[in-house]
Amino acid sequence: MNQDILKRMAQSIIDGDSDAAVALAKESIDTNMDPLEAISGGFVAGVNTVGDAFGRGEAFLPELVMAGEAMKLAVATLDPELKKRGAQRQILGRVVIATVEGDIHEIGKSLVATMLSASGFEVHDLGVDAPGDKLIGKALEVNADLLAMSALLTTTMVRQREVIEELEKEGLRQRIKVMVGGAPVTRDWVTTIRADGYSEDAIGAVALAKKLMGGA
Amino acid sequence: MTSRIQSITNPRIKLQILSEEDIRKIHNATLRIIDEVGVRFPSKRALEIWADAGADVDFERMVVRARGELIEAALRRCPPVYSLAARDPQQDLPLDGNHVYLGTDGCGVEVIDIANGERRISRLQDVRDIARLGDALEQIAFHWVPVSAQDAPVATRGLHEIKAIWENSSKHVQTESIYNVHEAQVAIEMASMIAGGRRALRNRPVLSLMQCTASPLGHDGGSLDAALLAAEAGVPTGFMTMAACLTTGPATLAGNLAVGNAEVITGTALLQLAFPGAPVFYAAAQTASDLRTGAYTGGGPEDFLFGGATNALADFYDIPLSMGSFATGAKEPNWQAGIENSLSTFMASASMADMLLGAGFLHGSRIWSFEEMMMDCEIFSIVQKMMQGIVVDEETLALEAIAAVGPSGNFLTQKHTRRHMRELFVPEFMDRRPYAEWESRQDGAYDWALAKARRLLAEHEPAPLERGLSEEFDRMIAAAKASALP
């Protein structure tokens, strides 16, 4: 019985079917299933299958993103149940992500947010045109491990440096790792502003985030 | 010293990717999108202009919906033909539908250093150098700001950039890096000083502006306000869509065209509503995002198709087109760069896009390469030659020469050959040497292109700016910096 619902949970992720994933999450609560088991045995299994297929070049980005979205919603549905049971989902880290102040470009940032969430990070997406103090404020509020900033223009990219300088000034730089991204970001820029890394795409961003958290 | 400009004109090759019916369908779909879905205009001024014109404006979401009649009526005000002016009137560019002009691409962030081959962050001096090279090359008809002057202050960077180009070239300057009102005001003033006053600027716009949309179905607030200022001054302005299949546009090419079209024609209509008759152009660099990473690709069959198709849309609206071409995704001047740049440029040229953007980049418009710039110019020359087609007449059928040579023999010494041999293309960078020579020297296009770039940079002297203008520009930029918001 358990196996069946776990299989269906995985399938909902593979299909990128958010509605089905949410429905199954609710079903598991109603049947008193352990939410952690639902996540790790059911939904995450689906994420891994899609991830493997992606790695083999058989699945593509949209499938990955749809799986990620379904995963996000399933986890959100199970959150109250987790809290009720005093259970903690094992997360790889807490991330605050946004496009910097003055910049409205969002797709890359949103892609990274979804992929990080699907990979097991707790992600707080502050959207676009996010002022530095809002970013830092949120990072403190949720006890973030990682701050991720995106910019598409060289003229807004400078905000990334400002935020890092602010973190340094407030003595927070050791606690909070910083990753940056966006078309104008280069390795030289990362070195110049003393960020912890960058990636040119979402897949690399996840790998970087895992690395910064001390993982493989 | 007047530098001749090479353009593609009087084409003898025709390309039709979209039928008249296809265009109508795309246009109608676009009007439906504008009416039912809406386009985002995050500028209070823009929203008010739309509201005054009778559009359906949601001030809170900053989304505009407008009926087809309103859009079509506004678009009918667009002037179909006008010229981009240069400091040297002999280098003016009539956008009359019978010319294809090549510009430098922009706006990159790194440069492969011409002296030591190292990749480094772009600086203001690069803008000067590239402008000077563009000034020397006949294939370059106008300039974009090629790379971001990252050592110039953010608040006035765009102004430093256009000043740098004007100081190093007499050709037309089109900037894609001025997207706020503050800088636009000063830029227009600078342009009018070059032209000889505001009225002169209107007649001979030595500056034009290009603004990017925010796909899907959106605009940037600062860009809108800067564009309105430009339209008011008679400075030609275009909105460029870079809608990308899969990510910021539908996975299907027609849908992607429709989305981008909605962005461009609403931006264009806005300018006409505010300033009827303002010179405008359609700008586009649609693409398909990489299926594996979502990354910007810089080339591929989809790009080539968009390149060949978009001018049919621009022609439908009877306005000039600025089309993304070249701008390979390759990391070095290699096979990929050759394919992508040749096919994209051929497609855009064969459909007679008025402006091609643009020469000089690697890695999807991010890394400036002086070698690539030279090689891109040669690709343009090759395409230009192809577009001249095959002329069939008494002279070219060469019956007299053929009879004179008779069976066997050769044509090398015929007078006819002497008359026409210079019409045959002589490449600068294609290797046609005997194999053994290549084997012993092991050099090729890269080396020759680099040598040419270095030589031109060392030797070419552009026509200087009018006396005192540079200093005046410095004062204006300093004042702009002082009054800029933090």
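Residues numbered from 1 in each chain as written. Chains lettered and ligands numbered in written order. Predicted model: local features only at pLDDT ≥ 70, side-chain atom pairs only at ≥ 80, totals over all residues. Heavy atoms only, no water.

1. Thoughts on the overall build of chain B
Our working definition: Where helices and strands are cited, they refer to DSSP runs of H or I of at least four residues and of E of at least two residues respectively, numbered from the N terminus. In this setup the radius of gyration rests on C-alpha atoms only. A globule is expected at 2.2 Å times the number of residues raised to 0.38. For every residue, the accessible area obtained with a 1.4 Å probe (protein chains only) is divided by the maximum for its type, and the residue is called buried under 20%, exposed over 50%, and partly exposed between those limits. Note on definitions: a residue-residue contact is assigned when non-hydrogen atoms from the two residues lie within 4.5 Å. Here the accessible surface of atoms and residues is derived via Shrake-Rupley with a 1.4 Å probe, and residues count as covered only by protein chains that are part of the display.
Scanning chain B for helices and strands turns up 18 helices and 20 strands. Its C-alpha radius of gyration of 23 Å places chain B within 12% of the 23 Å reference for a compact globule of 486 residues. In terms of its C-alpha atoms, chain B occupies a principal-axis envelope of roughly 80 × 55 × 50 Å. Here chain B holds 486 residues, and the buried ones make up 57% of them. Within chain B, contacts between residues at least 6 apart in sequence are counted, and of these 76% link residues at least 24 apart. Accessible surface, chain B as shown: approximately 20600 Å² in total, 53% of it carbon and sulfur.

2. Considerations on the packing of helix α3 (residues 68–75) of chain B against helix α9 (residues 253–274) of chain B
Residues and elements named next belong to chain B. The following threshold applies: Angular values range over 0 to 180 degrees, each being the angle between N-to-C directions of two axes fitted as lines to C-alpha atoms, with helices fitted over their stretch in contact. Roughly parallel refers to an angle under 35 degrees, roughly antiparallel to one over 145, roughly perpendicular to one between 65 and 115, and oblique to any angle outside these ranges. Definitions for this section: a left-handed crossing has its near helix turned counterclockwise from the far helix by less than a right angle. A right-handed crossing has that turn clockwise. As a working rule, the residues Ala, Val, Leu, Ile, Met, Phe, Trp, Tyr, Cys and Pro are called nonpolar, Asp, Glu, Lys and Arg charged, and the rest polar, with Gly in that last group.
Between α3 and α9, the shortest axis-to-axis distance is 8 Å and the interhelical angle comes to 65°. For the element pair α3 / α9, the angle class is roughly perpendicular. In this structure, α3 crosses over α9, and the sense of that crossing is left-handed. Of the residues in α9, those touching α3 at Leu70, Ile71, Ala74 and Leu75 are Ile265, Thr266, Thr268, Ala269, Gln272 and Leu273. Counted by class, the contact of α3 with α9 contains 7 nonpolar, 3 polar and no charged residues.

3. What about helix α18 (residues 469–482) of chain B?
Residues and elements named next belong to chain B. So the rule is basically this: The span you would expect from a helix comes to 1.5 Å times its residue count less one. This arc is built from the directions going out from the helix axis to the C-beta atoms.
A rise of 1.5 Å per residue sets the reference length of α18, with its 14 residues, at 20 Å; its end C-alpha atoms lie 20 Å apart and thus fit the reference within 8%. All buried positions along α18 are accounted for by Leu469, Ser470, Phe473, Met476, Ile477 and Ala480. End-on view of α18: buried residues confined to an arc of 120°, all on one side of the axis. For α18, exposure combined with an orientation more than 90 degrees from the buried face picks out Arg475 and Ala482. Next to the buried residues of α18 lie α5 (157–168) and α6 (181–195).

4. A word on the interface of chain B and chain A
Inclusion rule: When two parts are put together, the accessible area they lose, computed with a 1.4 Å probe and summed over both, is reported as buried area. In what follows, salt bridge is the name for a side-chain nitrogen of Lys or Arg lying within 4 Å of a carboxyl oxygen of Asp or Glu.
Contacts between the two partners involve 22 residues from chain B, matched on the other side by 21 residues from chain A. Roughly 1800 Å² is buried in total at the junction of chain B and chain A, and carbon and sulfur atoms are behind 63% of that figure. Looking at the side of chain B facing chain A, the largest losses of area belong to Tyr179, Leu291 and Thr293 of chain B, adding up to 23% of the total buried there. Viewed at the interface, chain A and chain B are joined by 0 salt bridges. With 3 residues, the single largest contributor to the side of chain B that touches chain A is strand β9 (residues 119–121) of chain B. The class makeup of the residues in the side of chain B that touches chain A is 7 nonpolar, 8 polar and 7 charged.

5. Section: the sheet that holds strand β19 (residues 361–362) of chain B
Residues and elements named next belong to chain B. To be explicit about the condition: Criterion used throughout: strands pair if DSSP finds at least two bridges between them.
The 4 strands lie next to each other as β9-β8-β20-β19, forming an open sheet whose pairing is mixed. The open sheet is flanked by β9 and β19, the only strands paired with a single partner. Bridging between β19 and strand β20 (residues 367–369) involves 2 bridges; their strand directions are antiparallel. Bridging from a neighbouring strand, Leu362 pairs with Ile367 of β20. Those strands touched by helix α12 (residues 370–387) are β8 (110–112), β19 and β20, and its axis lies near 65° from that of β20.

6. A short note on the pattern of salt bridges
All names here are of chain B. Using the criterion set out here, one finds 36 salt bridges over all chains in the structure. Among the salt bridges present, the one from Asp431 reaches Arg433, with a minimum N-O distance of 3.0 Å. In this structure Asp431 comes out as partly exposed when scored by relative accessible area, which is 35%. As a salt-bridge pair, Arg455 and Glu459 come within 3.8 Å of each other at their nearest N and O atoms. Pair noted here: Arg455 and Glu459 are both in helix α17 (residues 445–459), with a separation of 4 residues, about one helical turn. Taking the relative accessible area as the measure of exposure, Arg455 reaches 42% and is therefore partly exposed.

7. Comments concerning the domain arrangement of chain A
All names here are of chain A. Formally: Domain start and stop points were drawn from an automatic or database domain assignment. Each polar contact in these results corresponds to two N or O atoms within 3.5 Å; when the atoms are within protein, one needs to be able to donate a hydrogen and the other to accept it, and residues that are neighboring in sequence are counted only if both atoms are side-chain atoms.
What the domain assignment reports for chain A is domain 1 (2–85) and domain 2 (94–212). Each of domain 1 and domain 2 was reduced to a C-alpha centroid, and the two centroids are 27 Å apart. Taken together, the contact pairs 9 residues of domain 1 with 6 residues of domain 2. Carbon and sulfur atoms supply 79% of the area that domain 1 and domain 2 bury against each other, a total of about 630 Å² over both sides. When residues of domain 1 are sorted by the area they lose upon contact with domain 2, Leu61, Val65 and Lys72 head the list and together hold 45% of the total. Counting across the domain 1 and domain 2 interface gives 0 salt bridges. At the boundary of domain 1 with domain 2, the tally comes to 1 residue pair in polar contact (both at pLDDT 80 or more). Mapped onto the side of domain 1 that touches domain 2, the elements with two or more residues apiece are α3 (35–55) and α4 (61–84).

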